[in-house]
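Chain residues, written in single-letter form:
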Amino acid sequence: MDKDSVVNELCELLQKYNKEGIELTAETKLGSDLDVDSVEVMDLIMEIEDKFDIDIPINLVSEIESIGDLASLVFKRLEAR
Amino acid sequence: MQLTATTNADLAFRIGEFETLTDGLDYAAKGVTGCNFFSPRGKIADVLTYAEIRQRAVDLAVRLDASGLKRGSRFGLIAETNASFVVFFYACQYAGLIPVPLPLSINLGGHESHVTRLRGMIAAADLSAAMASVDMLPTLREAAEGSGVELIGSPDDFYGLTPVGGDPRPFDKTEACYLQYSSGSTTQPRGVLVTQRAITSNGRAIGQHGLRLRPGDRATSWLPLYHDMGLVGFCLAPMLSQVSIDYLATSTFALRPRTWLKTMSDHGGTISFSPTFGYELCVRRMANSNGGEFDLSRWRIAGIGGEMVRPDVLDAFVDTFANSGFDRTAFLPSYGLAEATLAVSFTEIGAGVRVDRVDRDAYERTGKAVPAPRTTPASSARSFVLCGRVMPGYESEIRNDEDQVLAERDIGRVCIKGPSLMDGYFRNAEATRATILADGWLDTGDMGYLLDDEIVITGRRKDMIICNGRNIWPQDLEWAVESLPAVRSGCAAAFSVNDDHDEERVVVVVECYVNDPEKQQELVKDIAAIIHRTAGVHCEVVLVPARSLVYTSSGKLSRAAAKTQYLDGSIRLLHAEPAGPEPHLEQPRLAVSAGA
């Protein structure tokens, strides 16, 4: 899986958090654009872990702002598997 | 890997009968109980008996002493839930150093605000040394830059220090124990200096009276170790009574709350605490289950603390997990605060959650908790949870603003006295004077009343916001908003409003100097975004015309006045979006009693 397809899969997964139906791209900010709150973030990370079968170190979450950041992290964890 | 035993077969069970933490650990180390750490997927990751913890702590203490750290200097520990934190905390006790647990952050994009927060604590505590795991070390170094911290490293860096020349002397019973940062804003954090006397007396009261510990008890916890409920309730107090603890990281619980219940079920946990929020999260995540896959029948104390107790949520938990053998009388409401080390009161074991239903109108207008007749409809009643009597050795009083003691069922400031009160905030005489009254009583900052000597909390006078179990200081939100170019300094007020379920919602009122409606909409978005980055919460943004609100004498928007006007609907709105209280919201009684 390449990084672009990770971005696409994430965008698909994120649709249900997309309350205002904005266009999702690698640049979309999870906090300010999608307004994902601290509880939803946990739901989201769990879904990503299950979908990609990876572990996401929770310490790294504070460094994530955009869908692209998230995709890079997922991509790294996939490669490290 | 095998978990530590629940009971010491060959060592007498001594409940908190110690005068220092090292006395307690020296004794616990004679047995086979200890701490167990579980992975994010709920597997056993690390097991240490108290004997092993003591051995490592004593060894490390020699190295810390040899490194030249002065007695009584502060040692910051990024408090991840793992063996290193526990070993370092106790090593400081053996070395005569004051450990300072430091917070983690799991907010999306929250790195900057985490660093700022750490930086404030590092400066306020005047740290001499600091430790973080390899993962967190870059964040810690960034925060400590230019602060003058002499030693910063990973656990292995400190374990690798030379022991040559080290001759550590443990804290004695008259000395300090640790420094707890759990209140205060980012730039003015307030550290509670907890003494050996405070921690051991609170640990003893918790074990002997609050929980009535007995052989066979086993603690389970996901509470963060940088908060008093996690650190005291589920690290220090259990150790002082030789109780084994099963730990999950807070993030593990947040991701997969069922791991908490599974761990209790698999390993026979009998005691665990959580804010109401934690029980709610379990219910929320049990959609595709009949709730019967666990054995929760041994769970004898399901403590509730840290935020207002919400009975309806607990009812839902009971309904969801009835098939797992959860007993509703296991619920144990409690009251406490870091300024009293941790615990002040517990309800009687086995009594469950008891609610006082009062007349809403009297509560709002007269500040009295008048019992509502059974026939009173729900809309005219307000329910509060009884949090028990203070523990032996403690006293409680309800006072008005003139410091007069009020009668039963009169709502006022909850004040307490007892052996585990802090002497004061660390190097902050002003904040101390505002909290420790002239007669030695502690003003908790909470509002409430007494009912047959039981404490009933109705809300907070302090402005602190508690959202999803986390404390948020309004000042931090206001500063963040005021950092936006379009917002003037001192023109934002952040506060929370309670709905009928005692859940808090964040509201930010901002005076707006922008006229273009499109730009105003943009500003609303920017404000919501920066609040989100700062604290990870949703908020309602309310734009009001310039100079339309009340200012304090220091030229700052008055939070209390903004909240009152927001709640009674007299606030003037600038933008078109609907704002103001929804019909089910509590009336402004709390805001009024909060004063300015």
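Conventions and cut-offs
- Residues numbered from 1 in each chain as written.
- Chains lettered and ligands numbered in written order.
- Predicted model: local features only at pLDDT ≥ 70, side-chain atom pairs only at ≥ 80, totals over all residues.
- Helix = DSSP H or I, 4+ residues; strand = E, 2+ residues; numbered from the N terminus.
- Rg over C-alpha atoms; globule rule 2.2 N^0.38 Å.
- Buried ≥ 20, exposed ≤ 12 C-beta atoms within 10 Å, placed from the backbone.
- Contact = placed C-beta atoms within 7 Å.
- Domains from an automatic or database assignment.
- Pairing = 2+ DSSP bridges.
- Axes fitted to C-alpha atoms, helices over the stretch in contact; angles between N-to-C directions.
- Nonpolar A, V, L, I, M, F, W, Y, C, P; charged D, E, K, R; others polar.
- Expected span 1.5 Å × (residues − 1).
- Core = buried A, V, L, I, M, F, W, Y, C linked by C-beta atoms within 7 Å.
- Arc of directions from axis to C-beta.
- Parallel < 35°, antiparallel > 145°, perpendicular 65-115°, else oblique.
- Left-handed = near helix turned anticlockwise from the far one by under 90°.

What chain B contains, in helices and strands, is 18 helices and 26 strands. Computed over the C-alpha atoms, the radius of gyration of chain B is 24 Å, within 12% of the 25 Å expected from 2.2 N^0.38 for a compact globule of 596 residues. Projected onto its principal axes, the C-alpha coordinates of chain B cover approximately 70 × 60 × 55 Å. Counting across all 596 residues of chain B, residues that qualify as buried make up 54%. Across chain B, every contact between residues at least 6 apart in sequence was considered, and the portion connecting residues at least 24 apart equals 72%.

We now examine the domain arrangement of chain B. Domain boundaries assigned for chain B yield domain 1 (21–274), domain 2 (349–460) and domain 3 (465–593). One C-alpha centre belongs to domain 2 of chain B, the other to domain 3 of chain B; they are set 27 Å apart.

Further remarks concern the environment of B:A372. Residue and element names in this part refer to chain B. Tracing the sequence through the fold places A372 in the loop between α13 (360–366) and β16 (381–385). By C-beta crowding, A372 is classed as buried, having 21 other C-beta atoms within 10 Å. Residue contacts for A372: discarding those within four places in its chain leaves R357, V358, D359 and A381.

Right, let's get into unusual backbone geometry. Glycine aside, the phi torsion of most residues is negative, and most peptide linkages are trans. Residue and element names in this part refer to chain B. Phi at T341 is positive, roughly 75°, even though this residue is not glycine. With respect to the helices and strands, T341 occurs in the loop between β13 (331–336) and β14 (343–346). Positive phi values are uncommon outside glycine, yet D453 reaches one of about 70°. Among the structural elements, D453 can be located in the loop between β20 (442–451) and β21 (454–460).

All names here are of chain B. In spatial order, the strands read β4-β3-β5-β6; together these four strands make up an open sheet with parallel pairing. Across the chains shown, the open sheet's two edge strands, defined by having one partner strand only, are β4 (98–102) and β6 (151–153). Each adjacent strand pair in this sheet contributes to an overall mean axis angle of 20°, direction not counted. Direction of pairing for strand β3 (residues 74–78) relative to strand β5 (residues 127–131): parallel, over a ladder of four bridges. When the sheet's bridge partners are listed, R74 is paired in β5 with L127. Packing of helix α5 (residues 137–144) onto the sheet brings it into contact with β3, β5 and β6, and relative to β6 it is tilted by some 155°.

Attention shifts here to the interface of chain A and chain B. Each side of the interface is counted separately: chain A has 21 residues, and chain B has 23 residues. Split into classes, the residues belonging to the side of chain A that touches chain B amount to eleven nonpolar, five polar and five charged.

A rise of 1.5 Å per residue sets the reference length of helix α7 (residues 196–210) of chain B, with its 15 residues, at 21 Å; its end C-alpha atoms lie 20 Å apart and thus fit the reference within 8%. Most of α7(B) sits out of view: 13 of its 15 residues are buried.

Here we take up the nonpolar core. Across soluble globular proteins, nonpolar side chains show a tendency to be buried alongside one another. Residue and element names in this part refer to chain B. Counting 175 residues, the largest nonpolar core has L77, Y90, A91 and V100 as its most contacted members. Among the elements that line this core, the one with the most residues is helix α3 (residues 83–95), at eleven residues. In terms of domain composition, this core takes at least three residues from each of domain 1 (21–274) and domain 2 (349–460). Of all hydrophobic cores here, the second largest spans 40 residues; its members include I465, F495, C539 and L574.

Quick look at α5(B) now. What sets the pattern is the α-helix's 3.6 residues per turn: residues three or four places apart point alike. All names here are of chain B. Every buried residue of α5 is accounted for by T139, L140, A143 and A144. Around the axis of α5, the buried residues are gathered within 125° of arc, so they sit on the same side. Each element contacted by the buried residues of α5 is listed here: β3, α4 (111–125), β5 and β6. Backbone geometry just after α5 places G146 at a positive phi near 75°.

Next up on the list: the packing of α7(B) against helix α8 (residues 228–239) of chain B. All names here are of chain B. For the pair α7 and α8, the least separation of the axes is 10 Å and the interaxial angle reads 90°. Judged by the angle between their axes, α7 and α8 are roughly perpendicular. Mapping the contact onto sequence places I199, N202, G203, I206 and G207 in α7 and V232, L236 and A237 in α8. Considering only residue class, the contact of α7 with α8 consists of five nonpolar, three polar and no charged.

Our next topic: the packing of helix α15 (residues 474–482) of chain B against helix α16 (residues 517–535) of chain B. Residue and element names in this part refer to chain B. Their axes nearest at 9 Å, the elements α15 and α16 cross at an angle of 135°. Put simply, α15 runs oblique to α16. Both α15 and α16 take part in a crossing whose hand is right-handed. From α15, D476, L477, A480 and V481 reach across to α16, where they touch I527, I530, I531, T534 and A535. When grouped by side-chain class, the residues that make up the contact of α15 with α16 number seven nonpolar, one polar and one charged.

Another point: the sheet that holds strand β19 (residues 412–417) of chain B. Residue and element names in this part refer to chain B. Strands sit in the order β18-β19-β20-β21 across an open sheet of four strands; the sheet is antiparallel. Either end of the sheet is taken by a strand with one partner, and the two such strands are β18 (395–399) and β21. On average, each strand axis in the sheet is tilted by 50° relative to the strand beside it, whichever way the strands run. Both β20 and β21 contribute to a ladder of six bridges, which runs antiparallel. Bridging across to β21, D446 finds its partner in R460.

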